Amino acid sequence: MCNGYLWRGALCPRLPHQGIGSHLERVHECGYHCNFIQDERNEFSRELSEERVKMTSDDAKFMRLAISKARQGIEKGQTPFGVCITKGGEVVSCVHNIVWESMDITAHAEIHAIREACRKLNTIDLSGCVIYSTCEPCPMCFSACHWAKISKIVYGARIEDAKKLGFSELTISNWEMKQFGNSPIELVGDLLREENLELFEFWSKREDKRVY
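### A word on the overall build of the chain
Scanning the chain for helices and strands turns up seven helices and eight strands. Counting only residues that meet the buried cut, the chain has 49% of its 212 residues in that class. Sequence separation of 24 or more characterises 55% of the internal contacts of the chain that already satisfy a separation of 6 or more. Of the roughly 10,800 Å² that the chain leaves accessible, carbon and sulfur atoms contribute 51%.

Written as structure tokens, this is what we have:
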């Protein structure tokens, strides 16, 4: 049992706790280094050691499929976001964001991928599925993953990276959504982060780029 505590009573995202702490920062007994601080706008920022990312060859493969799909979308005038959903090591859906194509502000890559996966598997219960996203899902997309009972979210770039590009992101991390909402979804962040940031750079240099 990890008894480590985080800033302002947030819990260690790795292991269950008996209680919560207050205004503390420490290296947990589970070896997970968590550092929560408050900035001048009273928001959380997070620093987590890279040890939390334990990448397998399949993880890299599926994330690169998402990156490739996002590039296809960019070349069609879409935004730099791609998603691959897998189950049992097999690809269920792999899509890019289609907000501008569909003129649907909710058509983020994660939503698009979840809809396709549900249709393909003929169920709204995606238990056992892993979603690989080129960017940390927004609160809407995290909620959709939770409702669909997706088992794990693996993301590359962070919400704050997308916000820097001009997207109207709510800077609420998936870790905060999971902790405060008590979601069972497993989270893995910063997978192939640099490759995903290169994807953002590729998009940012295009004359046809549009944000929302």
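### As for the packing of aromatic side chains
Per the counting criterion, the structure on display carries five aromatic pairs. A ring pair is formed by F62 and Y132, whose centres lie 5.5 Å apart and whose planes are at 50°; its orientation type is tilted. With a gap of 70 residues between them, F62 in helix α1 (residues 57–75) and Y132 in strand β6 (residues 129–135) connect regions that are remote in the sequence. Ring plane angle 70° and centroid distance 5.1 Å describe the contact between F81 and F167, whose orientation is recorded as edge-to-face.

### Digging into unusual backbone geometry
Even without glycine at this site, K149 takes up a positive phi of about 65°. By the element assignment, K149 lies in the loop between α4 (139–147) and β7 (152–157). Although it is not a glycine, L192 sits at a positive phi angle of roughly 50°. Assignment of secondary structure puts L192 in the loop between β8 (186–188) and α7 (193–204).

### With respect to the nonpolar core
The biggest cluster of nonpolar side chains holds 52 residues, and the ones touching the most others in it are F81, I85, I114, L126, Y132, I150 and I153. Tallying contributions element by element places α1 first for this core, with seven residues.

### Re the pattern of salt bridges
Counted according to the given criterion, the structure contains eight salt bridges. Between R206 and D208 there is a salt bridge; the shortest N-O distance is 3.0 Å. Residue class for R206 comes out partly exposed when judged on its relative accessible area of 23%. Judged by relative accessible area, which is 34%, D208 ranks as partly exposed.

### Quick look at the sheet that holds β6
Taken together, the five strands give an open sheet; going across it, the order is β5-β4-β6-β7-β8, and neighbouring strands pair in mixed fashion. The sheet terminates laterally at β5 (90–96) and β8, the two strands that pair on one side only. Between one strand and the next, the sheet's axes are offset by a mean angle of 15°, whatever the strand orientation. Contacts from helix α3 (residues 109–121) reach β4 (82–87), β5 and β6, with the element oriented near 140° to β5. Across the sheet, α7 touches β6 and β7, and the angle it forms with β7 is around 60°.

### Notes on α4
Within α4, burial applies to P139, C141, F142, A144 and C145. Immediately beyond the C-terminal end of α4, within one or two residues, lies K149, with a positive phi of roughly 65°.

### Description of the pairing of β4
Of all six residues that make up β4, five are buried, and the element is covered over most of its length. Note that β4 and β5 share six bridges and pair antiparallel. Within β5, the residue paired with T86 across the bridge is V91. The antiparallel hairpin formed by β4 and β5 contains two residues in its connecting segment, where G88 sits at a positive phi of about 60°. Two elements, β4 and β6, share five bridges in a ladder whose sense is antiparallel. Across the sheet, the residue bridging to T86 is V130, located in β6.

### Examining the pairing of β6
Burial of β6 is extensive: seven of the seven residues sit out of reach of the surface. In this sheet, β7 lies alongside β6 in parallel orientation, the contact comprising five bridges. Within β7, the residue paired with S133 across the bridge is Y155. With respect to chirality, the unit in which β6 leads through α4 into the neighbouring parallel β7 is right-handed.

Criteria and thresholds
- The numbering scheme is per chain: residues are counted from 1 as the chain's sequence reads.
- For a predicted model such as this one, the threshold for reporting local features is a pLDDT of at least 70, and the threshold for listing and counting side-chain atom pairs is 80 or more; totals across whole chains, interfaces and linings nevertheless cover every residue.
- To obtain the side-chain values, all non-hydrogen atoms of the structure were used and water was disregarded.
- What counts as a helix is a DSSP run of H or I of at least four residues, what counts as a strand is a run of E of at least two, and both are numbered from the N terminus.
- Any residue under 20% of the maximum accessible area for its type is buried, any over 50% is exposed, and the rest in between are partly exposed; the area is computed with a 1.4 Å probe on protein chains only.
- The criterion used for residue contact is that any of the two residues' heavy atoms lie within 4.5 Å.
- Exposure was quantified through the Shrake-Rupley algorithm and a 1.4 Å probe, taking into account, for residues, occlusion by the shown protein chains and nothing else.
- Only the six-membered ring of Trp is used, alongside the rings of Phe and Tyr, when aromatic pairs are assigned; centres must lie within 6.5 Å, and planes under 30 degrees apart are stacked while those over 60 apart are edge-to-face, with the rest tilted.
- The nonpolar core is taken to be a set of buried Ala, Val, Leu, Ile, Met, Phe, Trp, Tyr and Cys residues, with the residues joined through side-chain atoms within 4.5 Å.
- What makes a salt bridge here is a side-chain nitrogen of Lys or Arg within 4 Å of a carboxyl oxygen of Asp or Glu, nothing more.
- DSSP bridges decide pairing: two strands pair if at least two such bridges lie between them.
- Angles here are taken between N-to-C directions and fall from 0 to 180 degrees, while the axes themselves are lines fitted to C-alpha atoms, restricted in helices to the stretch in contact.
- Classification remark: right-handed applies to a crossover when, strands pointing away from the viewer, the course from the first strand over the helix to the second runs clockwise.

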